[in-house]
Amino acid sequence: MKLLVTGGAGFIGSNFVHYMLKKYPDYEIVVLDALTYAGNLENLKAVEQHTGFRFIKGSITDAQLVDEIFQQGIDAVLNFAAESHVDRSISAPDIFVQTNVLGTQVLLEAAKKHNVSKYVQISTDEVYGTLGPTGLFTETTPLTPNSPYSASKAGGDLLVRAYHETYGLNVNITRCSNNYGPYHFPEKLIPLMITRALNDQSLPVYGDGLQIRDWLHVEDHCSAIDLVLHNGKAGEVYNIGGNNERTNLELVRMILKELHKPESLIEHVKDRPGHDRRYGIDASKITRELSWQPRYTLETGLKKTIQWYLDNEAWWQRIISGEYRDYYRQQYGS
Ligand code: NAD
Ligand code: DAU
């Protein structure tokens, strides 16, 4: 099988490439990635010698390049490519629309033209908006995105749906909760808190820190996408989540405890505008229909992830010493 994995140099995409080449060593994987600030070829170092692996630097918005790639024969597309950070979408929304909406349409058009047998859109639970204190997101929860990021992801999802309904393209959409694990860019909550705590720096918690996220280890996300790719029913949406709801404060305290660092490092800062209060996923459909089960609890997954950051300091030090430092200054002030 020959897969096109877009955004494969990012956090989840690179974990997916590792997962698939380990499980299916005879598969071919073409990674198309624009190498934005979030894309990092170091994430793919372990597979670059694999005979079935090929990397192409380019954008999913480049219709000509995308068409050329499909001409070489692609069996299935997994679209991970996206602008993915909510805070960046608040300060600069336009690139989110270009990549997450227009880029998705370029891929769909090529998939249709070249009769690709499966298109999987890697989406997010954030398209459902926010939950109150009770209830969970199901696949039929109305889309009510609250940030430019989630609105652009919802726009992409609607195009994917339309290509199935109108042209019969064999699509699936996966909507996953917050991931964590190796190669997670240190602008997101968990790696940000781990790396700053290791440097004895303050930990910026937005508002009261009582917002709730439903955490899933990235390997469990990858196993779910693998099942959807091979067994997902045409046109279906699958929610993916680990039943691991925690407030941000609880999570930050778990990290501090594991690193033997004091809670006095926590610093409450200005809240994110339009901040979603709670996400919680009902993953019973993928469990029932595709027999998916997560392997990690938050406790086991977080421990392993913290160890990865301890063992791979050079990876994150290189990131936080460069472009990211400027972004951090802009986001949080001096
Ligand atoms: P990421 O920001 O770490 O990686 C995104 C990758 O896409 C980067 O390698 C980047 O270079 C690439 N990219 C960006 N614009 C591109 C373009 N125009 N053309 C080609 N490549 C481009 O993101 P992530 O956290 O790995 O998320 C991957 C996908 O999963 C996204 O679609 C995101 O919406 C979705 N998702 C993420 C989470 C999470 O918790 N991180 C949860 C659910 C869903
Ligand atoms: O739910 C899936 C989504 O999870 C994905 O679609 C997104 O791509 C991914 O970035 C993530 O979005 P969140 O906004 O939930 O993740 P983030 O790590 O940015 O923030 C998690 C929570 O922590 C959120 O409530 C905001 C809070 N936070 C975040 C940062 C960066 C802080 O309190 N302080 C911070 O400095």
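For the structure itself, consult the block above.
Chemist: Sorry if this is basic, but what is going on with helix α8 (residues 248–258) here?
Modeler: The periodicity of an α-helix, 3.6 residues per turn, causes residues three or four positions apart to be oriented the same way. By the burial criterion, the buried members of α8 are N248, L249, L251, V252, I255 and L256. Along the axis of α8, the buried residues cluster in a sector spanning 160 degrees; they form a single face. For α8, the elements touching its buried residues are α6 (189–198), β8 (203–206), β9 (212–214), β12 (245–247), β13 (266–269) and α10 (298–311). Just downstream of α8 lies H260, where phi reads positive at about 55 degrees.

Chemist: Help me out: how do you make sense of the nonpolar core in this one?
Modeler: In globular proteins that are soluble, nonpolar side chains generally tend to be buried together. In this structure, L3, V5, V17, L78 and I286 are the most contacted members of the largest nonpolar core, which totals 36 residues. Looking at this core, the elements with two or more residues in it are β1 (2–6), α1 (11–23), β2 (28–33), β4 (76–79), β5 (118–124), α7 (218–231), β11 (237–240) and α9 (284–290). Those residues in contact with V5 that lie beyond four places of it in its chain are G13, F16, V17, I29, V30, V31, L32, L78 and F80. Ranked by size, the runner-up nonpolar core spans 31 residues in total, among them I69, A81, F137 and Y279.

Chemist: Would you take a moment to explain the site of ligand 1 for this structure?
Modeler: Near ligand 1, the surroundings consist of 28 residues, among which I12, D33, S84, Y149 and K153 are the closest. With respect to ligand 1, the backbone of I12 contributes an N or O atom lying 2.8 Å from an oxygen atom. At a separation of 3.5 Å, an oxygen atom of ligand 1 approaches a polar backbone atom of G39. Protein chains bury 96% of the 830 Å² of accessible surface belonging to ligand 1 in isolation. Those elements giving two or more residues to the shell around ligand 1 turn out to be α1, β5 and α5 (148–167). Ranked by residues supplied to the shell around ligand 1, first place goes to β5 with three residues. Of the residues that constitute the shell around ligand 1, the class distribution is 13 nonpolar, 13 polar and two charged.

Chemist: I'm lost on the pattern of salt bridges in this one. Help?
Modeler: Enumeration according to the criterion identifies 18 salt bridges in this entry. The partner of K285 in a salt bridge is E236, with the nearest N and O atoms 2.5 Å apart. Highlighted residues: K285 in helix α9 and E236 in the loop between α7 and β11, separated in sequence by 49 residues. Counted as one network, the salt bridges with shared partners bring together R88, E187 and K188.

Chemist: In this structure, what is going on with helix α11 (residues 313–320)? I would like to understand it.
Modeler: Turning to α11, its buried residues are W315, W316, I319 and I320. Each buried residue of α11 lies within a common arc of 115 degrees when the element is viewed along its axis, so the set occupies one face.

Chemist: Where do I start with the side chain of N239 in this structure?
Modeler: Within the secondary structure layout, N239 lies in strand β11. A distance of 2.8 Å separates polar atoms of two side chains, one belonging to N239 and the other to Y128. Setting aside chain neighbours within four positions, we find N239 in contact with Y128, F137, T138, E139, R175, I281, D282, A283 and I286.

Chemist: I'm lost on the packing of helix α2 (residues 63–71) against helix α4 (residues 94–113) in this one. Help?
Modeler: A pair of packed helices is captured by two measures, namely the crossing angle of their axes and the spacing between those axes. One can describe the packing of α2 onto α4 by two numbers: an axis separation of 10 Å at closest approach and a directional angle of 35 degrees. You can see that α2 and α4 cross each other, and the crossing is right-handed. Here A63, V66, D67 and F70 of α2 lie close against α4, whose contacting residues are V106, L107, A110, A111 and K113. When its residues are assigned to classes, the contact of α2 with α4 shows seven nonpolar, no polar and two charged.

Chemist: How do you make sense of the site of ligand 2 when you look at a structure like this?
Modeler: For ligand 2, the set of nearby residues contains 25 residues, the closest of which are T124, D125, E126, Y149 and R272. S84 places a main-chain nitrogen or oxygen 2.7 Å from an oxygen atom of ligand 2. Between an oxygen atom of ligand 2 and a side-chain N or O atom of T124, the distance comes to 2.7 Å. With the chains in place, 94% of the 680 Å² that ligand 2 exposes on its own is no longer accessible. For the shell around ligand 2, the secondary structure elements donating two or more residues are α3 (86–91), α6 and β8. Looking at the shell around ligand 2, the element that brings in the most residues is β8, giving three residues.

Chemist: It is not clear to me how the pairing of β11 should be interpreted in this structure. Could you clarify?
Modeler: Regular strands show a simple pattern: their side chains alternate between the two faces of the sheet. Burial along β11 is two-sided: the residues V237 and N239 and Y238 and I240 are all buried. Here four bridges tie strand β6 (residues 171–176) to β11, and the two strands are oriented parallel to one another. Note on β11: the bridge partner recorded for R175 is N239.

What counts as what
Residues numbered from 1 in each chain as written. Chains lettered and ligands numbered in written order. Predicted model: local features only at pLDDT ≥ 70, side-chain atom pairs only at ≥ 80, totals over all residues. Heavy atoms only, no water. Buried < 20%, exposed > 50% of the residue type's maximum accessible area, 1.4 Å probe, protein only. Helix = DSSP H or I, 4+ residues; strand = E, 2+ residues; numbered from the N terminus. Arc of directions from axis to C-beta. Contact = heavy atoms within 4.5 Å. Core = buried A, V, L, I, M, F, W, Y, C linked by side-chain atoms within 4.5 Å. Near = heavy atom within 4 Å. Polar contact = N/O pair within 3.5 Å; in protein donor to acceptor, adjacent residues only side chain to side chain. Areas by Shrake-Rupley, 256 points an atom, 1.4 Å probe, with all protein chains shown as cover. Nonpolar A, V, L, I, M, F, W, Y, C, P; charged D, E, K, R; others polar. Salt bridge = Lys/Arg side-chain N within 4 Å of Asp/Glu carboxyl O. Axes fitted to C-alpha atoms, helices over the stretch in contact; angles between N-to-C directions. Left-handed = near helix turned anticlockwise from the far one by under 90°. Pairing = 2+ DSSP bridges.

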